[in-house]
Amino acid sequence: MLKLIQPVSFFLGLCMVTTTATAKEPLTLDAMFRLARVSDAQISPDSKWVAFVVTTANLEKNSTQSRLWLAPTGEGEPRQLTSTEKHDRHPRWSPDSTQIVFESDRGGDTQLWLIDVAGGEARQLTHLSTEASAGVWSPDGKQIAFVSAVYPEFSALPFAESDAANKKRKEEIEKNPVKARVFDKLFYRHWDSWVEGKRQHLFVLAAAGGEPRDLTPGDIDGVPTSSTFSAGDDFTFSPDGKHLLYTSPPRTDEAWSTNHDIWRVPVTGGEAENLTAGNMAADTYPRFSPDGKQLAFRRQAKPGYEADQWELVVADANGKNPRSLTDALDRSVDAFVWAPDGKSLYFVAEDHAQAPIFRVTVDGGKPAQFAATGGTFSSLTISDRGQLAALQASMSAPAEAVALDASGKARNVSRRNQELLAGLNLPQPESVTVKTPDGKPMQMWLLKPPGFDAKQKWPLVYLVHGGPQGAWDNNWSWRWNPQLWAAQGYMIALPNPRGSTGFGQEFVDQISGDWGGRCYDDLMAGVAYLEQQPYIDTARLAAAGASFGGYMMNWFAGHTDKFKTLITHCGVYNFDSMYSTTDELWFDEWEHGGPPWETRESYEKHSPHRFAKNFKTPMLIIHNDLDFRVPMSEGYQLFTTLQRLGVPSKLVNFPDEGHWVTKPANSRYWHEEVFGWLKQHVAPGGK
């Protein structure tokens, strides 16, 4: 049997009776850490191979290792391409399918490396003092574009001088005993990192090596600094290789504006041109048609609104005369690819808690689903011959690289987890629809624990997703894994209330300015539905959530006594302090209609801290020092309040983590704390 780590071992006795016949075991922490994490599937231009990244966890070192693998799209076994104890990532094929450029920190810092697919040692391509990442080939294979974070004041100098100046500045900072940081504008930190006065610039160099050229000099970023506006590689060469098109964040008011634009610059250097200046909302992810005559990109319509619907737009090669191809589809477009004939495009979009692949023709017509749903697709890529490859995952299986045939049927080619998954008891999620108080349908996933017996009464854990513009999709998660929660002996419910994506833009929009309103009512309707099920023990209810889900736990604390305990991870507690300490101000300003000095009532109306007098439910709080999205002060305030009120509470703080807990040993500790607290307040198992 798989080794069990406390506190999940208490479930062993529960599962033995029901799993002996099948010799399958419930998911444990040990098993989850043994599963390979497959990412970034990339099909070769000649359709013969899919390159992908396999990441494994090292609990002893509290770190991960990432290596490149190759899988044939036809018959044959996958094979490991690189071997390192560090991180090889972001594989991108040369146009002739003979080489892969990738980023690696195998040499100490992150640089670009090249490797021949036929075999041999990788060779280092870049040697920048400011590192290099995200390499992309030109169509003729002679040039490679990449990203490097530089001090902008040196960027107008010849490369050798600027790189030397960057190196000197870096060394001076490292050697200086004074570690003071000085800021004179926003952003000064982002997500989980200090910006340190640097800018993300785009460079181009010859694939054969040589001196790179900085194509985006000055105090600007050449790629989105927020993952919200990124769909993958945010820059591309023009078909003739003479220009680089890229997505650049706002040039002014960047902390409270979403006005990303697509720019074009000669690869020889020179003045950049804004191709989407007419749209004050976001334009991102430029991709040329195979003949170079048309440009496709993603576009939003509402300035300041990061959760606005993403349309797929096609324009002339210079960005003029844009027209939407997805007006008839009330869903947001993620990454997309052109078909080789230039007559259609394929893209991924969330739809009713799944993420299928769609196809749309350039000459009009409603987008149609191409690939059977079967969970969640991502990392979509296409060969010169029209062969599609992607990642596919579900709640019952982590992502694997798949190749799709002409009918959209997917075949697992990476096969990194088949053997381990075959020995696990992973129940299939069930989808139900709940009617909300105002008549809107709410989709909700139910996941029964291994060994479930409908004649018994089971405790429930109600998981609320983050965002709030997000969703519980039929997908695998390494941080909040419903299967692992169910394996503790709990019925798991995963509701998609107002604000959830994949159910139409109106449904998404109805969370804004109303976090504790209709969304809360939807969630309570979901609880009421579950309380009516004969197998739910209504005396053993718990709830948990992260980010917006953490906010909702804090809101639950002041508005309902249904739950025996609440687990809140990095959630908003006080909207006033959140606004003045978070990094991306556009988010709060849209959700509340402006800054707090202009829309005071909106910030106060749904702020959990105003209802602290009602707090009675025991709470576990997790909050981390490097969380610059929902800063640590939110967790401190909540814990202080609960302690002052005498409410049983516990604060777990990770000084080396951001909004999420990602380091393997930290993740194990997180799970032990969470499941231990849960068991203490809500007994697991059927009765």
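Residues numbered from 1 in each chain as written. Predicted model: local features only at pLDDT ≥ 70, side-chain atom pairs only at ≥ 80, totals over all residues. Heavy atoms only, no water.

**Thoughts on the overall build of the protein chain**
Line of reasoning, step 1. When helices and strands are counted, the protein chain shows 13 helices and 38 strands.
Line of reasoning, step 2. For the protein chain, whose C-alpha radius of gyration is 25 Å, the value lies close to the compact-globule estimate of 26 Å for 687 residues.
Line of reasoning, step 3. Across its three principal directions, the C-alpha atoms of the protein chain cover 70 × 60 × 55 Å.
Line of reasoning, step 4. Within the protein chain, buried positions represent 60% of all 687 residues.
Line of reasoning, step 5. Across the protein chain, every contact between residues at least 6 apart in sequence was considered, and the portion connecting residues at least 24 apart equals 58%.
Line of reasoning, step 6. Just so you have it, the protein chain exposes about 26800 Å², and 50% of that area is on carbon and sulfur atoms. (Helix = DSSP H or I, 4+ residues; strand = E, 2+ residues; numbered from the N terminus. Rg over C-alpha atoms; globule rule 2.2 N^0.38 Å. Buried < 20%, exposed > 50% of the residue type's maximum accessible area, 1.4 Å probe, protein only. Contact = heavy atoms within 4.5 Å. Areas by Shrake-Rupley, 256 points an atom, 1.4 Å probe, with all protein chains shown as cover.)

**Here's the deal with empty space enclosed by the protein**
Line of reasoning, step 1. What the rule picks out here adds up to five cavities of 30 Å³ or more.
Line of reasoning, step 2. For the second largest cavity, the calculated volume is near 50 Å³.
Line of reasoning, step 3. W478, R479, W480, H569, W660, V661, S667, W670 and H671 together form the lining of the second largest cavity.
Line of reasoning, step 4. Broken down by class, the residue content of the lining of the second largest cavity amounts to five nonpolar, three polar and one charged. (1 Å grid on protein atoms, 1.4 Å probe; cavity = no way out; pocket = protein on both sides within 12 Å on 5 of 7 lines; lining within 4 Å. Points joined across faces, edges and corners; volume = space filled by probe spheres on them. Nonpolar A, V, L, I, M, F, W, Y, C, P; charged D, E, K, R; others polar.)

**Things to note about the layout of surface pockets**
Line of reasoning, step 1. Within this model, the second largest pocket holds a volume of roughly 230 Å³.
Line of reasoning, step 2. Taken together, 13 residues make up the lining of the second largest pocket; nearest its centre are H352, P441, M442, F503 and F507.
Line of reasoning, step 3. Secondary structure elements with two or more residues in the lining of the second largest pocket: β31 (430–435), β32 (441–447) and α6 (505–509).
Line of reasoning, step 4. Ranked by residue count, the leading element in the lining of the second largest pocket is β32, at three residues.

**Considering the environment of H352**
Line of reasoning, step 1. Along the chain, the position of H352 falls in the loop between β24 (344–349) and β25 (357–361).
Line of reasoning, step 2. A relative accessible area of 47% places H352 in the partly exposed class.
Line of reasoning, step 3. Discounting chain neighbours no more than four positions away, the residues touching H352 are R331, G502 and F503.
Line of reasoning, step 4. Separated by 3.1 Å, the side chains of H352 and D351 make a polar contact. (Polar contact = N/O pair within 3.5 Å; in protein donor to acceptor, adjacent residues only side chain to side chain.)

**Concerning the nonpolar core**
Line of reasoning, step 1. By size, the foremost hydrophobic cluster in this structure holds 58 residues, and its most contacted members are L27, L463, W485, I492 and I567.
Line of reasoning, step 2. It is helix α13 (residues 664–681) that contributes the most residues to this core, five residues altogether.
Line of reasoning, step 3. Discounting residues that sit within four places of it in the chain, I567 has contacts with W485, A543, A544, G545, M553, L620, I622, V674, W677 and L678.
Line of reasoning, step 4. Counting residues in each nonpolar core, the second largest holds 55 residues, with F548, M553, F575 and M578 among its members. (Core = buried A, V, L, I, M, F, W, Y, C linked by side-chain atoms within 4.5 Å.)

**Focus: the sheet that holds strand β7 (residues 111–116)**
Line of reasoning, step 1. Across the sheet, which stays open at both edges, the four strands sit in the order β5-β6-β7-β8 with antiparallel pairing between neighbours. Every other strand in the sheet has two partners, leaving β5 (88–93) and β8 (123–124) as the edge strands with one partner each.
Line of reasoning, step 2. With two bridges joining them, β7 and β8 adopt antiparallel strand pairing. Across the sheet, residue L114 finds its bridge partner in β8, namely R123. (Pairing = 2+ DSSP bridges.)

**Overview of the sheet that holds strand β19 (residues 283–288)**
Line of reasoning, step 1. Judged by pairing direction, the sheet is antiparallel, and its four strands sit side by side in the order β19-β20-β21-β22 without closing on themselves. Of all the strands in the sheet, the pair left with one neighbour each is β19 and β22 (323–324).

**Notes on the pairing of β19**
Line of reasoning, step 1. For β19, the buried fraction is high: six of the six residues fall into the buried class.
Line of reasoning, step 2. Pairing geometry for β19 and strand β20 (residues 294–299), over four bridges, is antiparallel. Directly across from F288, in β20, lies its bridge partner L295.
Line of reasoning, step 3. Taken together, β19 and the strand that follows it, β20, pair antiparallel across an intervening segment of five residues, in which G292 is found at a positive phi of about 80°.

**Looking at the state of the cysteines**
Line of reasoning, step 1. One pass over the structure, following the stated rule, counts zero disulfides.
Line of reasoning, step 2. Looking at C570, it has no disulfide partner, and the nearest cysteine sulfur is the one in C519, 19 Å off. (Disulfide = S-S within 2.5 Å.)

**A look at the pattern of salt bridges**
Line of reasoning, step 1. Tallied over the full model, the rule gives 29 salt bridges.
Line of reasoning, step 2. In this structure, D233 engages R92 in a salt bridge whose closest nitrogen and oxygen atoms are separated by 2.8 Å. Here D233 is found in the loop between β14 (213–214) and β15 (235–237), whereas its partner R92 is found in strand β5, with 141 residues between them in sequence.
Line of reasoning, step 3. For D233, a relative accessible area of 14% gives the class buried.
Line of reasoning, step 4. A salt bridge links R518 to D514, with the shortest nitrogen-to-oxygen separation between them at 3.4 Å.
Line of reasoning, step 5. Residue classification places D514 among the buried residues on the basis of a relative accessible area of 15%.
Line of reasoning, step 6. One salt-bridge network, held together by shared partners, links K185, R199, D219, D221 and E254. (Salt bridge = Lys/Arg side-chain N within 4 Å of Asp/Glu carboxyl O.)

**Quick notes on the packing of aromatic side chains**
Line of reasoning, step 1. The full count for this structure, using the stated rule, is 36 aromatic pairs.
Line of reasoning, step 2. Measuring from ring centre to ring centre gives 4.4 Å for Y305 and W590, while their planes differ by 5°; the resulting arrangement is stacked. Here W590 lies in helix α10 (residues 585–592) and Y305 lies in the loop between β20 and β21 (311–316), a separation of 285 residues in the sequence.
Line of reasoning, step 3. On the basis of an interplanar angle of 90° and a centroid distance of 6.0 Å, the ring pair of Y579 and Y603 is categorised as edge-to-face. Here Y579, found in helix α9 (residues 575–581), pairs with Y603, found in helix α11 (residues 600–605); they are 24 residues apart in sequence, far enough to count as distant.
Line of reasoning, step 4. Residue classification places Y579 among the buried positions, given a relative accessible area of 7%.
Line of reasoning, step 5. By the ring-pair criterion, three or more aromatic residues cluster together here, those being W515, F548, Y551, W555, F575, F587 and F611.
Line of reasoning, step 6. The ring centre of W113 lies 5.2 Å from the NZ or CZ of R106, which sits over that ring.
Line of reasoning, step 7. Just above the ring of Y151 sits the side chain of R169; from NZ or CZ to the centre is 5.0 Å. (Phe/Tyr/Trp six-rings, centres within 6.5 Å; stacked < 30°, edge-to-face > 60°. Lys NZ or Arg CZ within 6 Å of the ring centre and 35° of its normal.)

**Section: the side chain of S344**
Line of reasoning, step 1. Within the secondary structure, S344 is located in strand β24.
Line of reasoning, step 2. Under the relative-accessibility criterion, S344 is labelled buried at 2%.
Line of reasoning, step 3. Within the local environment of S344, its side chain forms a polar contact with the side chain of R359, the two groups lying 3.4 Å apart.
Line of reasoning, step 4. In this structure S344 touches W338, A339, R359, V360, T361 and V362, once residues within four positions along its chain are discounted.

**Overview of the pairing of strand β10 (residues 143–150)**
Line of reasoning, step 1. Counting buried residues along β10, eight of its eight residues qualify, which places the element largely inside the surrounding structure.
Line of reasoning, step 2. Of the two faces of β10, the one holding Q143, A145, V147 and A149 and the one holding I144, F146, S148 and V150 are both buried throughout.
Line of reasoning, step 3. Examined bridge by bridge, strand β9 (residues 133–137) and β10 share three bridges and lie antiparallel to one another. From the neighbouring strand, S133 faces β10, where its bridge partner is V147.
Line of reasoning, step 4. The turn linking β9 back onto β10 is made up of five residues, and G141 within it adopts a positive phi angle of 75°.

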